[in-house]
Amino acid sequence: MENTERLRIAIDGPAGAGKSTAAKRLARELSIDYIDTGAMYRAIALKLIREHVDYNDAEALKELLSETDVDFRDGHVLLDGEIVDKDIRTSAVSRMASDSSAVLAIREKLVALQRAMGETKGLVMDGRDIGSNVLPDAEYKFYLTASVHVRACRRSLEMIEKGETADLDSIEADITARDLQDSTRTHHPLTQAEDAIVVDSTNLNIGEVVEVMLGHIRSRR
Ligand code: DC
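Summarised in this report is the structure supplied together with it. The structure presented is a predicted model; accordingly, all values stated were derived computationally and were not measured.

## Some remarks on the overall build of the chain
In terms of regular secondary structure, the chain is built from 9 helices and 8 strands. For 221 residues, the compact-globule formula gives about 17 Å, and the C-alpha radius of gyration of the chain, at 17 Å, lands near that figure. Overall, the C-alpha framework of the chain stretches about 50 × 45 × 30 Å when taken along its three principal axes. Looking at the chain as a whole, 46% of its 221 residues qualify as buried. A total accessible area of about 11300 Å² is found for the chain, and carbon and sulfur atoms account for 48% of it.

Structure (structure tokens):
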């Protein structure tokens, strides 16, 4: 596809809908960068845990944020220059990211970084508030969703592959609780942008999801 270097594509949706895998593949197909904004919230959460900083302590949080750098290089997530790809995927970090991503000071810092990334280059950015808040004028916005049951099944397969035990009922309950927390928080909640194209991956595999997205992009260009 010609002239993709300034193309900005926003992909939002709930946890487990397949956003990051689809976004990564779409970015590769279009030869543009992929920005995983969830990884940025996770990196801040990791630092909060490591430094024992309470995100409700406004002064301590302000100081921590002023000394924190989150970036991407060669597909890696960098926290203050350190590659933290694995460290940000623990369940403790998932919980802390889910809670602390509701804090406005954290969101303001990361949203500013994300907007700056979108100003200089073409990219596929995935998250919860990308089409509605971070890149409201993105050329393409997708809202990728799937039933809670299917998302829970995918998550349990991932856990089993990692050698962990998985209880489907508790995973479903967990996903339902996270959906509610992400979509009802005060600042920049998970939102389907008015002009977003909804893609339901309940009955689609990841290749089919990417084809649907590419189909929309090709048909408009
Ligand atoms: O997509 P993920 O599970 O890696 O995201 C980690 C947490 O960050 C998740 O609880 C939702 C939050 N998040 C957010 O609030 N806004 C974004 N743009 C991306 C993620």
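## Quick word on the sheet that holds strand 7 (residues 140-145)
Strand-to-strand pairing in sheets goes through backbone hydrogen bonds, with the strands running parallel or antiparallel. The 5 strands lie next to each other as 2-6-1-7-8, forming an open sheet whose pairing is parallel. Looking along the sheet, the strands with just one partner apiece sit at the ends: strand 2 (33-36) and strand 8 (197-200). This sheet shows a mean twist of 20° between the axes of neighbouring strands, independent of strand direction. Where helix 5 (residues 104-120) meets the sheet, its contacts fall on strand 1 (8-12), strand 2 and strand 6 (123-127), and the angle it forms with strand 6 comes to roughly 160°.

## Thoughts on the pairing of strand 1
Counting buried residues in strand 1 gives 5 out of 5 residues, a clear majority hidden from the surface. Note: strand 1 against strand 7, 4 bridges, orientation parallel. Following the sheet pairing, Ile9 is matched in strand 7 by Tyr140.

## A few points about the site of the ligand
Around the ligand lies a shell of 16 residues, among which Arg42, Arg107, Asp129, Arg178 and Arg185 are the nearest. The contact in question runs from an oxygen atom of the ligand to an N or O atom on the side chain of Arg128, over 3.0 Å. The separation between an oxygen atom of the ligand and a polar side-chain atom of Arg178 is 2.8 Å. Burial of the ligand by the protein chains amounts to 93% of its free accessible area of 440 Å². If you list the elements that add at least two residues to the shell around the ligand, you get helix 2 (37-50), helix 4 (91-100) and helix 8 (168-184).

Cut-offs applied
- Residues numbered from 1 in each chain as written.
- Predicted model: local features only at pLDDT ≥ 70, side-chain atom pairs only at ≥ 80, totals over all residues.
- Heavy atoms only, no water.
- Helix = DSSP H or I, 4+ residues; strand = E, 2+ residues; numbered from the N terminus.
- Rg over C-alpha atoms; globule rule 2.2 N^0.38 Å.
- Buried < 20%, exposed > 50% of the residue type's maximum accessible area, 1.4 Å probe, protein only.
- Areas by Shrake-Rupley, 256 points an atom, 1.4 Å probe, with all protein chains shown as cover.
- Pairing = 2+ DSSP bridges.
- Axes fitted to C-alpha atoms, helices over the stretch in contact; angles between N-to-C directions.
- Contact = heavy atoms within 4.5 Å.
- Near = heavy atom within 4 Å.
- Polar contact = N/O pair within 3.5 Å; in protein donor to acceptor, adjacent residues only side chain to side chain.

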